[in-house]
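Structural overview for review
One-letter residues, chain by chain:
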Amino acid sequence: MMNIGEFAELTGLSLKALRLYDEQDLLPPASVDPWSRHRRYTAAQFGAALRLKAARSADLPLADAPKLLGDAGAAAATLAEHRARLAADRERQDAALDALERLLAGPVTWQTEVRQAEAQPWAGVVLPPDITSDEQANELFAGLWRRLDAAGNRPTGAFWTTIRAKPGSETEVQVVCCWPVAALPPEDWAGVERGTIEPGQEMVVRWRWDQDVPMVEGATHPAVLALLAAAEEKGAEVSLAQLRQIGVLEEGQPVGMEVAVALKTP
């Protein structure tokens, strides 16, 4: 038998790790001296120790370690899941590094324009916070379209989305999906938002989804940031609640986005 120092030297596990694995009942020593509390290990424990060492080096969560020491099928599945997580992490890292490299090479130039917006009634729905996919959001949006169509108030143009502060909250925001309509829907339509875009000047930027632009995960599209910066340079007071992301359609199919923000001067 070996003492803990010898076993650590042979397996590459630290003394701290061996004590932790003992506490977690992952790799208890073969025996413990009742008086000195010294731990003793056997060569038969090398296999489990090496699995734990390899898992530690691969940054596999400690919570998954028991699966590596039991059934072979469960161990293989755990390893495959961890490989998939690492691959996804690496893909995100590569994308972030690529975006950073391109940002360092120089900013993308976005063309903005100023136009006159007309008064436009709209109907919309607020996306619930538990929506987790574009498909769910699209179905909610399509449901409003069908309801408007059935009421003889079919949408008159491309959809748009906007954001606003959640009523009663200083930190939470809501996404509102809107259709332009000829007339405001009745006030008794439960779950349907309504309003009118005020006439006035707005600044616009467009992009196609097939444009290759550096994207930073979690950040707003760079075209939107460029639009807000351009509006600020004009001395306009920009309200995000008046920023609209409008679908760009070709032959009835969405191919990109147009973002518009109302220009108001102090």
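See the structure printed just above.
Residues numbered from 1 in each chain as written. Predicted model: local features only at pLDDT ≥ 70, side-chain atom pairs only at ≥ 80, totals over all residues. Heavy atoms only, no water.

**Description of the side chain of Thr78**
Put simply, the rule reads: By definition, any uninterrupted DSSP run of H or I lasting at least four residues is a helix, any uninterrupted run of E lasting at least two residues is a strand, and each is numbered from the N terminus. It only takes one pair of heavy atoms within 4.5 Å for two residues to be counted as in contact.
Among the structural elements, Thr78 can be located in helix 5 (residues 72-105). Other than its neighbours up to four places away in sequence, Thr78 contacts Leu60, Asp64, Lys67 and Leu68.

**A look at the layout of surface pockets**
Formally: Cavities and pockets were defined on a 1 Å grid built over protein atoms only: a cavity is a set of grid points that admits a 1.4 Å probe from which the probe cannot escape, a pocket is an open set flanked by protein on both sides within 12 Å along at least five of seven lines, and lining residues are those with an atom within 4 Å of any such point. Grid points are joined across faces, edges and corners, and a volume is the space filled by probe spheres set on the points. For this scheme, ten residues count as nonpolar: Ala, Val, Leu, Ile, Met, Phe, Trp, Tyr, Cys and Pro. Four count as charged, namely Asp, Glu, Lys and Arg, and the remainder, Gly too, count as polar.
The space that makes up the largest pocket amounts to roughly 680 Å³. If you trace the largest pocket, you find 20 residues lining it, with Asp134, Asn138, Phe141, Phe159 and Thr161 closest to the centre. Elements with a contribution of two residues or more to the lining of the largest pocket: helix 6 (134-150), strand 6 (160-165), strand 7 (173-180), strand 10 (243-250) and strand 11 (253-262). With four residues, the top contributor of residues to the lining of the largest pocket is helix 6. Partitioned by chemical class, the residues of the lining of the largest pocket number 13 nonpolar, six polar and one charged. The computed volume of the second largest pocket comes to approximately 410 Å³.

**Remarks on the pattern of salt bridges**
To be explicit about the condition: The salt bridge criterion pairs a side-chain nitrogen of Lys or Arg with a carboxyl oxygen of Asp or Glu, the two atoms within 4 Å. For every residue, the accessible area obtained with a 1.4 Å probe (protein chains only) is divided by the maximum for its type, and the residue is called buried under 20%, exposed over 50%, and partly exposed between those limits.
According to the stated counting rule, one finds 18 salt bridges in the structure shown. A salt bridge links Asp212 to Arg102, with the shortest nitrogen-to-oxygen separation between them at 3.2 Å. You can see Asp212 sitting in the loop between strand 9 (200-208) and helix 7 (222-233) and its partner Arg102 sitting in helix 5, a full 110 residues away along the chain. Residue class for Arg102 comes out partly exposed when judged on its relative accessible area of 26%.

**Considerations on the packing of helix 1 (residues 4-11) against helix 2 (residues 15-23)**
The condition is simple: Axis lines are fitted to C-alpha atoms, over the contacting stretch for helices. Their N-to-C directions set the angle, which ranges from 0 to 180 degrees. The labels follow the angle: roughly parallel below 35 degrees, roughly antiparallel above 145, roughly perpendicular from 65 to 115, and oblique for the rest.
Put simply, helix 1 and helix 2 touch, their axes get as near as 9 Å, and they point 105° apart. By the angle class used here, helix 1 and helix 2 are roughly perpendicular. Side by side, helix 1 and helix 2 meet where Ile4, Gly5, Phe7 and Ala8 of the first sit next to Leu15, Leu18 and Arg19 of the second.

**What to know about unusual backbone geometry**
Residues other than glycine seldom take positive phi values, yet Arg37 does so here, at roughly 65°. Mapped onto the elements, Arg37 comes out in the loop between strand 2 (31-32) and strand 3 (39-41). On the basis of relative accessibility, which here comes to 56%, the residue Arg37 falls in the exposed class. Unusually for a residue other than glycine, Asp59 sits at a positive phi of about 60°. Examined against the element boundaries, Asp59 turns out to sit in the loop between helix 3 (46-57) and helix 4 (65-68). Taking relative accessible area as the criterion, Asp59 reaches 62% and is therefore assigned exposed.

Keep in mind these numbers describe shape, not what the thing actually does.
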